[in-house]
Amino acid sequence: MPSDKQLSLFDEPNFGASLQRDSIPNDAKIPIPPGTYETMEQIAEHCNRCHRCELGKNRQNAVIGRGNLQAPIMIIGEAPGQNEDETGLPFVGRSGQLLDKILESVGLSTERDVFICNVNKCRPPDNRTPTPKERDACKPYLLEQIRIVNPQIILLTGATALKGLTGEKQAISKIRGQWIEWEGRQCMAIFHPSYLLRNPSREPGSPKWLMWQDIQIVKAKFDEFKTLN
Ligand code: URA
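Residues numbered from 1 in each chain as written. Predicted model: local features only at pLDDT ≥ 70, side-chain atom pairs only at ≥ 80, totals over all residues. Heavy atoms only, no water.

A. Representation of the overall build of the chain in the model. The helix and strand tally for the chain stands at 10 helices and 6 strands. Against the globule reference of 17 Å for 229 residues, the chain gives a C-alpha radius of gyration of 19 Å, in line with a compact fold. The C-alpha extent of the chain, read off along each of the three principal axes, is 80 × 45 × 30 Å. Within the chain, the fraction of its 229 residues that count as buried is 47%. Counting only contacts in the chain whose residues sit at least 6 apart along the sequence, the fraction spanning at least 24 positions is 71%. Accessible area for the chain stands at about 12,300 Å²; split by element, carbon and sulfur atoms hold 50% of it. Side-chain charges of the chain comprise 29 positive and 28 negative groups, with the mean position of each set lying 6 Å from the other. (Helix = DSSP H or I, 4+ residues; strand = E, 2+ residues; numbered from the N terminus. Rg over C-alpha atoms; globule rule 2.2 N^0.38 Å. Buried < 20%, exposed > 50% of the residue type's maximum accessible area, 1.4 Å probe, protein only. Contact = heavy atoms within 4.5 Å. Areas by Shrake-Rupley, 256 points an atom, 1.4 Å probe, with all protein chains shown as cover. Lys, Arg positive; Asp, Glu negative; His and termini not counted. Charge placed at Lys NZ, Arg CZ, Asp CG, Glu CD.)

Encoded structure:
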């Protein structure tokens, strides 16, 4: 006759999500399992005291995201710069202003249609590219953000964002404008707005011109999903 003791096998493990949440930030070896966070505020709270990598040492603010928490489109950048570190908001400097204009050009609004975030939540010194170790340390936060926002479309701005999410090392000029499926979501790599600032020509075939083609493809997919929902 089995004893009642075996019934305890049906109990929840005694390390509930909230307990784990409290013990996570300071060691990149400790995984952050999917489902750890229920809200973006919880992620923000953690990131602001996170030391899973060295970038936590110098931050003024962890930069979590801006836009609609239920947006159908998520835009993922590389890492915060100085303006973002100071304000705690992603893409608020010159690149961010250009990004907003690109979205507006096809009638997409940051507040309504888009959630913007970065692979890394803390600013790297001198705006250098985050190292693979720093990207990996921060990735669980990004995956949780994707799970919570649940976007149908993900735009990856620049090669670091592409590598950070999908692991693919590819030149943006080679794969921009094409849909890649990642975890059941439609993803597209696009030029980073800072690259467009450095290449201001609008001639056919120029990066800015190509971005105009890409954002129209994105808008068409957005409209397609809207009619299906
Ligand atoms: N560049 C990025 O990739 N992200 C920002 O938030 C700002 C500039």
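B. Structural context of helix 6 (residues 132-149). Compared with an ideal rise of 1.5 Å per residue, which puts 18 residues at 26 Å, helix 6 spans 25 Å between its outermost C-alpha atoms and is within 8% of the ideal. All buried positions along helix 6 are accounted for by Glu 134, Arg 135, Ala 137, Cys 138, Pro 140, Tyr 141, Leu 142, Glu 144, Gln 145, Ile 146 and Val 149. Asn 150, located one to two residues past helix 6, shows a positive phi value of around 60°. (Expected span 1.5 Å × (residues − 1).)

C. Expanded view of the sheet that holds strand 1 (residues 66-67). The 6 strands are arranged 1-3-2-4-6-5 in an open sheet whose pairing can be described as mixed. Where the open sheet ends on each side, the last strands, each with one partner, are strand 1 and strand 5 (180-182). Strands strand 2 (73-77), strand 4 (153-157), strand 5 and strand 6 (185-190) of the sheet are contacted by helix 7 (residues 159-166), whose axis makes an angle of about 130° with strand 4. (Pairing = 2+ DSSP bridges. Axes fitted to C-alpha atoms, helices over the stretch in contact; angles between N-to-C directions.)

D. Representation of the site of the ligand. Inspection of the region around the ligand gives Gly 77, Glu 78, Ala 79, Glu 84, Pro 90, Phe 91, Asn 118 and His 192 as its neighbouring residues. In the model, an oxygen atom of the ligand is placed 2.8 Å from a nitrogen or oxygen of the Glu 78 main chain. The separation between an oxygen atom of the ligand and a polar main-chain atom of Phe 91 is 2.9 Å. Relative to its unbound accessible area of 240 Å², the ligand is 90% covered by the protein chains. Broken down by class, the residue content of the shell around the ligand amounts to 3 nonpolar, 3 polar and 2 charged. (Near = heavy atom within 4 Å. Polar contact = N/O pair within 3.5 Å; in protein donor to acceptor, adjacent residues only side chain to side chain. Nonpolar A, V, L, I, M, F, W, Y, C, P; charged D, E, K, R; others polar.)

E. Quick look at the side chain of Lys 221. Tracing the chain through its elements places Lys 221 in helix 10 (residues 207-228). Of the side chains with opposite charge, Glu 224 lies nearest to the buried Lys 221, which makes no salt bridge, at 4.0 Å. For Lys 221, the contacting residues outside a window of four places in its chain are Ile 153, Trp 179 and Gln 186. (Salt bridge = Lys/Arg side-chain N within 4 Å of Asp/Glu carboxyl O.)

F. Just the packing of aromatic side chains, in detail. Taken as a whole, this structure holds 2 aromatic pairs when the rule is applied. Aromatic side chains Tyr 37 and Tyr 141 sit 6.3 Å apart centroid to centroid with 40° between the ring planes, which places their arrangement in the tilted category. Note that Tyr 37 is positioned in the loop between helix 1 (17-23) and helix 2 (40-47) and Tyr 141 in helix 6, a separation of 104 residues in sequence. A relative accessible area of 1% places Tyr 37 in the buried class. Classification of Tyr 141 as buried rests on a relative accessible area of 1%. (Phe/Tyr/Trp six-rings, centres within 6.5 Å; stacked < 30°, edge-to-face > 60°.)

G. Highlighting the nonpolar core. Ile 73, Ile 76 and Ile 154 are the most contacted members of the largest nonpolar core, which totals 54 residues. Ranked by residues supplied to this core, first place goes to helix 10 with 6 residues. Ignoring anything within four residues of it in the chain, the contact list for Ile 76 reads Cys 117, Asn 118, Val 119, Leu 142, Ile 146, Ile 154, Leu 155, Leu 156, Thr 157, Ala 161 and Leu 165. (Core = buried A, V, L, I, M, F, W, Y, C linked by side-chain atoms within 4.5 Å.)

H. Spotlight on the side chain of Glu 134. Here Glu 134 is to be found in helix 6. Leave out the neighbours within four places in its chain, and Glu 134 touches Cys 53, Leu 55, Asn 120 and Arg 128.

Everything listed is a geometric property; what it means functionally is a separate question.
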